[in-house]
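Here is what each chain is made of, one letter per residue.
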Amino acid sequence: MSAFDDLLAGNAEYVKGFTNSGLTGRAARGLAVVTCMDSRIDPLGLLGLEAGDAKILRNAGARVTDDVLRTLVLAVYLLGVERVLVMPHTDCGMTKVTDGDVHDLTQLHGVDTRSLEFHTVPDQDSALRHDLTRIRTTPFLPKDMPVGGAIYDVHTGRLMPVSL
Ligand SMILES: [Zn+2]
């Protein structure tokens, strides 16, 4: 476990001040956020939230994939989610490459990824519009559920709502 020793040490400190034992698995603020895996994004902090408040779904590019839809269905009907914010960000690596580029880069490592779809983002606005539409039109989620989009600026910390 030596590769994770720093994390276990960090957790030992965390436990000393742990006060969240009373939280449940329901989203206390009725919110789900779909955002990117980018390590500069602190979803709870940037939205003024705390543990227990929201479901956070992360993947490369903040894309609404089949697995995100699956998770949102569970979040809405079982875990108290009543609104969804899709939150991509500025300077996203997924906007700088195509799926073909990724296949070429992994090929340099001797790995053939052509059977994977990376959902890279050539146009962030149109990708976000597509992803919001996927949530709004799926037959599996409530038609009247608020679904919003906003771009997080990793250089200023500011969230920029978009009307798409
Ligand atoms: Zn990103």
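See the structure above.
Summary of the structure given here. (Residues numbered from 1 in each chain as written. Predicted model: local features only at pLDDT ≥ 70, side-chain atom pairs only at ≥ 80, totals over all residues. Heavy atoms only, no water.)

### Notes on the coordination of the zinc ion
Protein-derived coordination of the zinc ion comes from Cys-36 (SG), His-89 (NE2) and Cys-92 (SG), at a distance range of 2.0 to 2.3 Å. Sequence positions of the residues that donate to the zinc ion give the spacing C-x52-H-x2-C. Residue class for His-89 comes out buried when judged on its relative accessible area of 1%. (Donors = N, O, S within 2.8 Å, 3.2 Å for Na, K, Ca; no water. Buried < 20%, exposed > 50% of the residue type's maximum accessible area, 1.4 Å probe, protein only.)

### Looking at the nonpolar core
Among the nonpolar cores identified, the biggest contains 20 residues, and Leu-72, Val-81, Val-84, Val-86, Ile-135, Leu-141 and Met-145 are the most heavily contacted of them. For this core, the element with the most residues is helix 3 (residues 66–78), which contributes five residues. Apart from the residues lying within four places of it in its own chain, the contact partners of Val-81 are Ala-27, Gly-30, Leu-31, Ala-32, Lys-55, Ala-75 and Val-76. In terms of nonpolar packing, the next biggest core, distinct from the first, is built from 16 residues, Leu-31, Ala-62, Met-94 and Ala-127 among them. (Core = buried A, V, L, I, M, F, W, Y, C linked by side-chain atoms within 4.5 Å. Helix = DSSP H or I, 4+ residues; strand = E, 2+ residues; numbered from the N terminus. Contact = heavy atoms within 4.5 Å.)

### Some remarks on the environment of Gly-93
Position of Gly-93 among the secondary structure elements: in the loop between strand 3 (83–87) and helix 4 (99–107). Exposure remark for Gly-93: the relative accessible area of 41% places this residue in the partly exposed category. Taking the C-alpha atoms as reference points, Gly-93 and Ile-41, 52 residues apart in sequence, are found 13 Å from one another.

### What to know about the side chain of Thr-65
Mapped onto the elements of the fold, Thr-65 is located in the loop between strand 2 (54–59) and helix 3. Of the residues examined, Thr-65 reaches a relative accessible area of 17% and is grouped as buried. Non-local contacts of Thr-65, meaning those with residues more than four positions away in its chain, are made with Asn-59, His-119 and Arg-134.

### Here we look at helix 3
For helix 3, spanning 13 residues, the distance from its first C-alpha to its last is 18 Å, which sits close to the expected 18 Å at 1.5 Å a residue. Of the positions making up helix 3, those classed as buried are Val-68, Leu-69, Leu-72, Ala-75 and Val-76. One face of helix 3 carries all of its buried residues, which in axial projection span an arc of 125 degrees. Set apart from the buried face of helix 3 by more than 90 degrees, the exposed residues are Asp-66 and Leu-78. Where helix 3 is buried, its residues meet strand 1 (31–36), strand 2, strand 3 and helix 5 (124–137). (Expected span 1.5 Å × (residues − 1). Arc of directions from axis to C-beta.)

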